[in-house]
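Spelled out, the chains give:
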Amino acid sequence: GKKAFIAGVADDQGFGWAIAKALAEAGAEISLGVWVPALKIFEGSYTKGKFDKSRQLSNGGLLEFTHIFPMDAVYDTPEGVPEDVKSNKRYAAAGDKGFTVSEVARNVESEVGKIDLLVHSLANGPEVTKPLLETSRHGYLAALSASAYSNVSMLQHFGPLMNENGASISLTYLASERIIPGYGGGMSSAKAALESDTRVLAYEAGRKHKIRVNAISAGPLGSRAAKAIGF
Ligand code: ZID
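Bear in mind the structure is a predicted one, so any value in this text is a computation, not a measurement.

S.K.: Any chance you could explain helix H2 (residues 36-47) here in plain terms?
M.R.: It helps to recall that an α-helix has 3.6 residues per turn; residues three or four apart then point in one direction. If you check H2, its first and last C-alpha atoms are 17 Å apart, about what 12 residues at 1.5 Å a residue would give, namely 16 Å. Taken together, the buried positions of H2 are occupied by Val 36, Pro 37, Ala 38, Leu 39, Phe 42, Ser 45 and Tyr 46. Contacts from the buried residues of H2 go to helix H1 (15-25), strand E2 (29-35), strand E3 (67-71) and helix H4 (89-92). Within two residues after H2, Gly 49 carries a phi angle of roughly 85°, on the positive side.

Pasting the structure below:
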């Protein structure tokens, strides 16, 4: 069967979860990258059976995750992690195998092996509720880092461990090309970057790794992220 790695699942409400379920229905083996600050709650809810209803598959089985890796997609290498993050309780608890994109890729390679499907289902924009006109440089760059560069980094580090004919997918939003008030903080800019990068990475990673790179412009879903911005 195919092996999938999905970054950006922290409950059973979002696109990442729905994609995990669809891929499991199709027979894939699923591993997750869970944002470090959300990891403990996710694992707690998972073991306590809070997701059992949404884990049900049509064959009567339950959605299983082969591996769950702590991850923070705004960091690429351990050298790039600031001291205050390193010493943060939740980050320190993530273990010594690391949570940066390069470390997660290495951990996936040694614990899961080569993968066929790479899913980027994550975004973050600390100033998303502010209009672009009022967004700070810091907020703007944070949105681009978490929501767009994270995809570049994932392809950079996971590309070499993907099987030929594999595919990567990310989730974008129409606010990249049309004005949608409320999608602020540089999130519209981040999605525009994500879409442009998708074309360039499809060209580059297509040649380098023989994989496809795509993005889906999603419709509305009442995920945690969407509720946070009142959509
Ligand atoms: P989600 O909260 O389930 O997933 C986002 C995940 O990202 C969470 O699990 C976070 O823990 C994780 N995360 C945040 N920062 C980091 C980090 N630094 N490292 C690792 N993980 C991190 O929400 P979701 O399912 O809505 O989001 C998944 C993807 O779908 C994101 O790229 C969204 O931008 C995208 N998307 C969602 C929607 C929506 O409606 N939920 C829409 C379009 C795209 C959309 O906004 N009309 C109005 C709005 C929309 C569509 C139509």
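There is more to say after this.
S.K.: Would you mind showing me how to read the site of the ligand here?
M.R.: For the ligand, the set of nearby residues contains 28 residues, the closest of which are Phe 15, Asp 72, Ala 73, Lys 191 and Ser 223. Note that an oxygen atom of the ligand is positioned 3.4 Å from one of the backbone N or O atoms of Ala 10. Here Asp 72 contributes a side-chain N or O atom positioned 2.8 Å from a nitrogen atom of the ligand. Those elements that provide at least two residues to the shell around the ligand are strand E5 (162-172) and helix H8 (224-228). A per-element tally of the shell around the ligand places H8 first, with 3 residues.

S.K.: What is the right way to read the pairing of E5 from this model?
M.R.: The side chains of a regular strand alternate, first on one face of the sheet and then on the other. Note that strand E4 (residues 115-120) and E5 share 5 bridges and pair parallel. Its bridge partner lying in E5, His 120 is registered against Ser 170. Assessed by its sense of winding, the connection that carries the chain from E4 through helix H6 (residues 137-158) to E5 is right-handed. Note that E5 and strand E6 (residues 212-217) share 6 bridges and pair parallel. Note that in E6 the partner of Leu 171 across the bridge is Ile 216.

S.K.: Would you explain the pattern of salt bridges in this entry?
M.R.: Oppositely charged side chains are able to pair whenever their charged atoms sit close together. Counted under the stated rule, the structure contains 6 salt bridges. In this structure, Glu 83 and Lys 86 form a salt bridge, with 3.6 Å as the shortest nitrogen-oxygen distance. Here Glu 83 and its partner Lys 86 are both found in helix H3 (residues 83-86), 3 residues apart, which amounts to about one turn of the helix. Look at Lys 86 and you get partly exposed, because its relative accessible area is 38%. Note that Glu 109 is salt-bridged to Lys 114, the shortest N-O span being 3.7 Å. Given a relative accessible area of 38%, Glu 109 falls into the partly exposed group.

S.K.: Quick question: what am I supposed to make of the environment of Ala 7 here?
M.R.: For Ala 7, the location among the structural elements is in strand E1 (residues 3-7). Taking the C-alpha atoms as reference, Ala 7 lies 9.9 Å from Asn 151; in sequence the two are 144 residues apart. Beyond its immediate sequence surroundings of up to four residues, Ala 7 is in contact with Gly 33, Met 71, Val 119, His 120, Ser 121, Leu 122 and Met 154.

S.K.: Help me understand the domain arrangement of the protein, please; the structure alone is not making it clear to me.
M.R.: A common way to report how large an interface is uses the accessible area buried once the components associate. Segmentation of the protein into domains returns domain 1 (1-116) and domain 2 (123-219). Relative to domain 2, the C-alpha centre of domain 1 lies at a distance of 19 Å. In this complex, domain 1 contributes 19 residues to the contact, which on the side of domain 2 involves 18 residues. With both chains or domains summed, domain 1 and domain 2 bury close to 1,500 Å², and 68% of this area falls on carbon and sulfur atoms. Inspection of the region where domain 1 meets domain 2 yields 0 salt bridges. Our count for the domain 1 to domain 2 interface comes out at 6 residue pairs in polar contact (both at pLDDT 80 or more). Counting residues per element, the ones that place at least two in the side of domain 1 that touches domain 2 are E1, H1, helix H5 (101-111) and E4. Here the side of domain 1 that touches domain 2 takes 6 residues from H5, the largest share from any one element. Its residues assigned to classes, the side of domain 1 that touches domain 2 comprises 13 nonpolar, 2 polar and 4 charged.

Scoring rules and cut-offs
- Residues numbered from 1 in each chain as written.
- Predicted model: local features only at pLDDT ≥ 70, side-chain atom pairs only at ≥ 80, totals over all residues.
- Heavy atoms only, no water.
- Helix = DSSP H or I, 4+ residues; strand = E, 2+ residues; numbered from the N terminus.
- Expected span 1.5 Å × (residues − 1).
- Buried < 20%, exposed > 50% of the residue type's maximum accessible area, 1.4 Å probe, protein only.
- Contact = heavy atoms within 4.5 Å.
- Near = heavy atom within 4 Å.
- Polar contact = N/O pair within 3.5 Å; in protein donor to acceptor, adjacent residues only side chain to side chain.
- Pairing = 2+ DSSP bridges.
- Right-handed = clockwise from strand over helix to strand, strands pointing away.
- Salt bridge = Lys/Arg side-chain N within 4 Å of Asp/Glu carboxyl O.
- Domains from an automatic or database assignment.
- Buried area = accessible area lost by both parts, 1.4 Å probe.
- Nonpolar A, V, L, I, M, F, W, Y, C, P; charged D, E, K, R; others polar.

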